Each structure stands twice: as C-alpha cells, then as structure tokens.
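# Coordinates in review
Okay, here's what each chain looks like letter by letter:
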Amino acid sequence: MPIYEYACDNCRKIYSFLVRSPSEHRTPKCPKCGKRGMKRMLSSFGISHTDEDRMEKLSDPSMFSGIDENDPKSLARFMRKMGKELGEEMPEEFDEMCRRLEAGESPEDIEQSMGEAPYASDDSGKLYEG
Ligand SMILES: [Zn+2]
C-alpha cells in the first residue's frame with residue numbers, strides 16, 4: 001500500500017496518506033483544517049515521476065542479475081548500466097570507480113582511497129559537508 005504525501009496550502013503542513021490502489025485519485029482533505037485540494041508531494045525523496053519510473057526499472061531484479069560480489073568487473077558493468085539507466089551525467093568519481101573496478105580493484109579498497117560518499121548531494125548539486 002503506497003503512502004503519498006499531501007501538503008495543505010492553508011496550514012502549510014505535510015500529511016501522509018495511505019492510498020489503497022494506484023487508481024485512486026481522490027485528493028484527501030486536510031485532517032487539521034478540513035481544506036480540500038491538498039497538493040500531492042512528489043515524494044519524501046524529492047524525486048519526480050520520471051525518476052520514479054526509472055527507479056522502478058532499477059529495482060527490476062534482472063538489473064542485478066550477473067553481479068558477482070567477488071568480481072569487481074561485474075560490479076563495474078552494473079554501475080555503468082545503472083548510470084546509463086539514470087540518464088544523467090555521473091560524477092567523475094563514479095567514472096573513476098568504474099574504471100578501478102574494471103581494473104580489478106576491490107570496492108573496499110576504492111572506497112577507502114576515495115573517501116566517503118562522493119555522490120551525496122542535494123538538488124542544487126552542492127555537496128554536503130561531512
Ligand atoms: Zn490544513
């Protein structure tokens with residue numbers, strides 16, 4: 001059962017609603033002030049519909065087939081495939097990581113030498129500190 005978030009214009013609050021079926025398009029009314037016409041939020045992760053579709057594709061089990069945890073090359077293949085599926089320019093670090101995996105380095109070594117989470121960024125593309 002999916003949970004959707006709706007925002008109330010009136011009290012500027014966001015409420016989560018369970019939606020019984022995807023075909024249910026009824027807009028809930030604000031539990032607090034009773035105002036109708038709440039606005040559906042994209043999602044708590046701030047991803048758009050298109051991204052949702054993409055994420056669905058990424059969660060397809062066939063995406064993960066052929067990955068051998070002990071084979072860095074298969075990981076690199078997967079990462080490149082994922083990057084392509086996302087259709088976005090991947091950060092240099094991503095590319096470097098793929099190259100190093102393809103060269104046979106273990107993900108642990110790469111992670112250690114590259115530092116923590118180089119991809120954590122907000123919508124503006126600004127890197128979070130720490
Ligand atoms: Zn309200």
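Small disclaimer: the values here were computed from a predicted structure and weren't measured. (Residues numbered from 1 in each chain as written. Predicted model: local features only at pLDDT ≥ 70, side-chain atom pairs only at ≥ 80, totals over all residues.)

## Regarding the packing of helix α2 (residues 72–86) against helix α3 (residues 92–102)
Axis separation between α2 and α3 bottoms out at 7 Å; the angle between their running directions is 150°. Viewed along their axes, α2 and α3 adopt a mutual orientation that is roughly antiparallel. Handedness of the α2/α3 crossing: left-handed. Residues Pro-72, Lys-73, Leu-75, Ala-76, Met-79, Arg-80 and Gly-83 of α2 touch α3, and the partners they reach there are Phe-94, Met-97, Cys-98, Leu-101 and Glu-102. (Axes fitted to C-alpha atoms, helices over the stretch in contact; angles between N-to-C directions. Helix = DSSP H or I, 4+ residues; strand = E, 2+ residues; numbered from the N terminus. Parallel < 35°, antiparallel > 145°, perpendicular 65-115°, else oblique. Left-handed = near helix turned anticlockwise from the far one by under 90°. Contact = placed C-beta atoms within 7 Å.)

## Brief notes about α3
Taken together, the buried positions of α3 are Met-97, Cys-98 and Leu-101. Down the axis of α3, the buried set is contained in an arc of 100°. They therefore lie on one face. Of the surrounding elements, those touching the buried residues of α3 are α2 and α4 (107–114). Positioned one or two residues after α3, Gly-104 has a phi angle of 100°, which is positive. (Buried ≥ 20, exposed ≤ 12 C-beta atoms within 10 Å, placed from the backbone. Arc of directions from axis to C-beta.)

## Description of the packing of α3 against α4
Across the interface, α3 lies against α4 with an axial gap of 10 Å and an inter-helix angle of 145°. As for how α3 packs across α4, the hand of that crossing is right-handed. For the pair formed by α3 and α4, the contact residues are Glu-93, Met-97, Arg-100 and Leu-101 on the first element and Pro-107, Ile-110 and Met-114 on the second. Class assignment of the residues belonging to the contact of α3 with α4 gives a composition of five nonpolar, no polar and two charged. (Nonpolar A, V, L, I, M, F, W, Y, C, P; charged D, E, K, R; others polar.)

## Quick look at the nonpolar core
Counting residues in hydrophobic clusters, the biggest one holds five residues: Leu-75, Ala-76, Met-97, Cys-98 and Leu-101. Breaking this core down by element, the ones donating at least two residues are α2 and α3. Sorting elements by how many residues they give to this core places α3 first, with three residues. Here Leu-75 is in contact with Ile-67, Leu-101 and Pro-107, once residues within four sequence places are set aside. (Core = buried A, V, L, I, M, F, W, Y, C linked by C-beta atoms within 7 Å.)

## Re unusual backbone geometry
For Arg-12, which is not a glycine, the phi torsion comes out positive at approximately 50°. We classify Arg-12 as exposed; it has 7 C-beta atoms within 10 Å.

## Things to note about the sheet that holds strand β1 (residues 3–8)
Reading across from one edge, β2-β1-β3 is the order of the three strands in this open sheet, with antiparallel pairing throughout. The open sheet terminates on both sides in strands that have one partner only, identified here as β2 (13–18) and β3 (39–40). When β1 meets β3, the two strands line up antiparallel, connected through two bridges. Within the sheet, the bridge partner assigned to Ala-7 lies in β3 and is Lys-39. (Pairing = 2+ DSSP bridges.)

## Looking at the environment of Tyr-6
Note on placement: Tyr-6 falls in strand β1. Accessibility expressed as a C-beta count within 10 Å gives 19 for Tyr-6, which makes it partly exposed. In sequence terms Tyr-6 and Arg-40 are 34 residues apart; their C-alpha atoms lie 4.4 Å from each other. With residues near it in sequence (within four places) discarded, Tyr-6 still touches Tyr-15, Phe-17, Pro-28, Met-38, Lys-39, Arg-40 and Met-41.

## What about the pairing of β1?
Bridge analysis of β1 against β2 gives six bridges, and the strand direction is antiparallel. Bridging from a neighbouring strand, Ile-3 pairs with Leu-18 of β2.

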